[in-house]
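Understanding the architecture of this molecule
Given next are the chains, with one letter for each unit.
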Amino acid sequence: MSKYITTPIYYVNGEAHIGHAYTTFIADTLARYERLKGEDTFFLTGTDEHGQKIEESAEKAGKPTQEFADEISATFKNLWDEFDISYDKFIRTTDEDHMKGVQKAFEVMFAKGDIYKDFYEGHYCVSCETFFPQTQLVDGEFCPDCGRTTSVVKEESYFFKLSKYEDKLLEHYANNPDFIMPRSRANEVINFVKGGLHDLSVTRTSFSWGVKMPKSIGDDKHVMYVWLDALLNYITALGYGSSEELMNYWPADIHFVGKDILRFHAIYWPAFLMSLDLPLPKHIGAHGWWTRDGEKMSKSKGNVVSPKEVADAYGVENLRYFMLREVPFGQDGDFSQRAFIDRINSELSNDLGNLLNRIIGMSGKYSDFEIDSVDVEKYHAKEIQKMNIVLDSLDAFLENLQTHRYLEELWKLFSIGNGVIQECEPWVKMKNGQKDEALATVAVVANILAKAAIMLHPIMPNTTNIIADALNFEINTASYKEMILEKKLLKLFNIKKVPPLFPRVEEPLMQEAPKGEPETIKEEQNSKNKEKETKKEDDNLIGIGQFFETSLKIGTVVAAEEVPKSKKLLKLQVDLGEETPRQVVAGIKEFYSPDDLLNTQVCVVANLKPAKLMGMMSEGMLLAAKDEDGLCLIRPQKPKKAGTPIG
Ligand code: MSP
């Protein structure tokens, strides 16, 4: 069985922003996942280059339209290449084959009697490239979708008989409840259709930047309406109207789109396909809208997030992880550096990165990097069972586009891995001469990591290849089948050292977004007065960002001893969930004995510069409170995983 996955094609009136990157990341993730499962997959993306909007943008830039389109289209393609997007074809609507296919489709619809000539009089939003009847405008003038002023259009036009397909469309939605994903978005489409469909104007005569009318119709002052042209890319990319070579991939499994263009994909596109007697796509996946720090992004505010800038600062795969983890598919999402950094530090660096480092470190220390899985079943049947339950649950989440749940579940594997190390304490077993047991623990965690890396591969392809390399295996369909479907354990030999994959981010690496301008002078004045009023109190306050500059973590004391000749100092080894415990020298001897502390938990300032106390390195500080009754350590109320961030 083959799979066909698409992104929208992007308008070439500006460079890519984070919303474009999000659709592309999800589509790329799904395509990679299908390929991993062994499916023959075709993944399409590209640019939408015709229409009045592009013509006007090129004019503004003072460039010939084709040259302008070439330049911006190339910025998209280069960006996706730089991001390792695994598309099979990058289509441009100015490609000859595409234009031929659009003309062919027009001829087929015309021959069928679905297209007729008339006169259009109404309103047009150039930004949305959409016609609106007067009744739908806001205040009789503004676009109901984007709020911009519309222009009046009076021209001869060819119309597509959209109204003819009303019942068939409703029947299709009823019979295919998963046609629109998430299902919660289906109602707005169904209500729109039930409200009555007007026939759709599908040609324009007032500008010329579009696919020409087919010669057979002989009305060459018309060019195609840009949405008819654009939607057809999904079949012309497969050779419709030209080579027909790849039409075996049709129908598409899923078209990913933003919620703003769902209507075009869930109403117009299926109606066009019905007219062409072609099967309909299986799903339309509509995602939500991204904001920045809670505000709508716009060029005029200067707060548009450039995916290139984010990727340069934080790494593209971290960005993929963040976007897919942060937002339930279909809902709006917010890009904030703080939230992004928190996920990098706690989920990528702590949970995953440290686990890998620990395995590399322990395998090196205990057995010269050579580990095998012979004793894993014997000592760790319980963890293997837990791991398999998680692995079995994953597929359904991605099939339902629930990327955030997929990753949330996947992360349970790292808590199983970190948990088993904490519970089994292989370093103690090594000291006690129970080497087999210690190595079995290292091996079970290495297996957990390997399987997690396979399942994380579609989201973080290059990072997981490095993990696989460190664990001495390859991620591909064969290893997916053996290790995930057949649940085999990996025989691991020669674990390799790799540099830390997820360095902690201590402070934002990009400039913060400019805040939205106050809308009126009055508002500006009001806010200035308020600022004065609160200034005094604010002097003693810190922002949340400043608070988070201190990395506080839960630590488990794994060794404690008195510092000889010191009245005050104890020397502790504190497990912070890292490869090796940290040494902390603390002035608490008058209040605690080593026995009071061994195997208990403490709160540690983890990003303090190391310091020497009585010639001993101290790599952290314990939180404590002291009053006239003495000193007491601050401890978690319930046991928490070593390394759990506090805050
Ligand atoms: N050219 C049309 C699509 C034609 S598909 C046959 C188009 N292009 S676009 O460049 O304006 O938008 C492309 C995609 O980006 C759309 O899916 C849109 O929803 C998405 N986004 C644009 N801004 C966005 C955000 N702020 N957040 C998330 N996605 C957003 O529409």
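Residues numbered from 1 in each chain as written. Predicted model: local features only at pLDDT ≥ 70, side-chain atom pairs only at ≥ 80, totals over all residues. Heavy atoms only, no water.

1. Points about the overall build of the protein
Under the convention used in this document: Strands here mean DSSP runs of E at least two residues long; helices mean DSSP runs of H or I at least four residues long; both are numbered from the N terminus. Think of it in three bands: with a 1.4 Å probe and only protein chains considered, a residue is buried below 20% of the maximum accessible area for its type, exposed above 50%, and partly exposed in between. Contacts between residues were defined by any pair of non-hydrogen atoms, one from each residue, lying within 4.5 Å. Each accessible area is a Shrake-Rupley result for a 1.4 Å probe, and residues are judged covered by the shown protein chains and nothing else.
When helices and strands are counted, the protein shows 21 helices and 24 strands. If one aligns the C-alpha atoms of the protein with their principal axes, the spans along those axes are about 100 × 65 × 45 Å. When burial is assessed residue by residue, the protein has 54% of its 647 residues classed as buried. A sequence separation of at least 24 residues applies to 75% of the contacts in the protein between residues at least 6 apart. By element, 50% of the accessible surface of the protein is carried by carbon and sulfur atoms, the whole surface being about 29,300 Å².

2. Concerning the pairing of strand β18 (residues 601-605)
We apply this condition: Two strands pair under a simple rule: DSSP has to find at least two bridges between them.
The buried count for β18 comes to five of five residues, which makes it a mostly enclosed element. Here β18 shows two buried faces, one formed by Q601, C603 and V605 and the other by V602 and V604. Sheet analysis places strand β15 (residues 552-562) next to β18, joined by five bridges and oriented antiparallel. Bridging from a neighbouring strand, G555 pairs with V602 of β18.

3. What about the domain arrangement of the protein?
Operational definition: What marks off one domain from the next here is an automatic or database domain assignment. Summed over both partners, the accessible surface that disappears when two parts come together, traced with a 1.4 Å probe, is what is meant by buried area. Criterion for a salt bridge: a side-chain nitrogen of Lys or Arg within 4 Å of a carboxyl oxygen of Asp or Glu.
If you check the domain split of the protein, you get domain 1 (339-494) and domain 2 (550-646). Each of domain 1 and domain 2 has a C-alpha centre, and these two points are 29 Å apart. Contacts between the two partners involve 13 residues from domain 1 and, on the opposite side, 14 residues from domain 2. Broken down residue by residue, the surface that domain 1 buries against domain 2 is led by N350, R358 and Q422, which jointly contribute 44%. In this assembly, domain 1 and domain 2 are joined by two salt bridges.

4. As for the sheet that holds strand β6 (residues 151-160)
The line we're drawing: The axes are straight lines fitted to the C-alpha atoms, using for helices just the contacting stretch, and the angles between their N-to-C directions are given from 0 to 180°.
An order of β5-β4-β6-β8 is seen for the four strands of this open sheet, with the pairing classed as antiparallel. Edge positions in the open sheet fall to β5 (130-132) and β8 (200-201), since each of these has one partner strand only. Bridging between strand β4 (residues 115-125) and β6 involves ten bridges; their strand directions are antiparallel. Counterpart to F119 in the pairing with β6 is E156. Contacting β5, β6 and β8, helix α9 (residues 262-275) crosses the sheet at an angle of about 35 degrees to β6.

5. Describing the site of the ligand
Basically, it comes down to this: Here a residue is near a molecule or strand as soon as one of its heavy atoms is found within 4 Å of it. Polar contact is the term for a pair of N or O atoms within 3.5 Å; when the atoms are in protein, one must be able to donate a hydrogen and the other to accept it, and sequence-neighboring residues count only if both atoms are side-chain atoms. Amino acids are sorted into nonpolar (Ala, Val, Leu, Ile, Met, Phe, Trp, Tyr, Cys and Pro), charged (Asp, Glu, Lys and Arg) and polar (every other residue, Gly among them).
Residues in close proximity to the ligand total 23 residues, the closest being I9, D48, G258, D260 and W290. Between the ligand and the protein, one listed contact pairs an oxygen atom with a side-chain N or O atom of H20 at 3.3 Å. Between the ligand and W290, the relevant distance is 2.9 Å, taken from a nitrogen atom to a main-chain nitrogen or oxygen of the residue. Secondary structure elements with two or more residues in the shell around the ligand: β1 (2-11), α1 (18-36), α7 (226-231), α8 (233-236) and β11 (254-258). Broken down by element, the shell around the ligand gets its largest block of residues, four residues, from β1. For the shell around the ligand, the residue count by class is 13 nonpolar, eight polar and two charged.

6. Notes on the pattern of salt bridges
Tallied over the full model, the rule gives 42 salt bridges. Measuring nitrogen to oxygen at the nearest pair gives 2.6 Å for the salt bridge that ties E49 to R92. You can see E49 sitting in the loop between β2 (40-48) and α2 (52-61) and its partner R92 sitting in strand β3 (residues 89-92), a full 43 residues away along the chain. One exposure class covers both E49 and R92, and it is buried. Through salt bridges with shared partners, a single ionic network connects K117, E156, D219 and K221.

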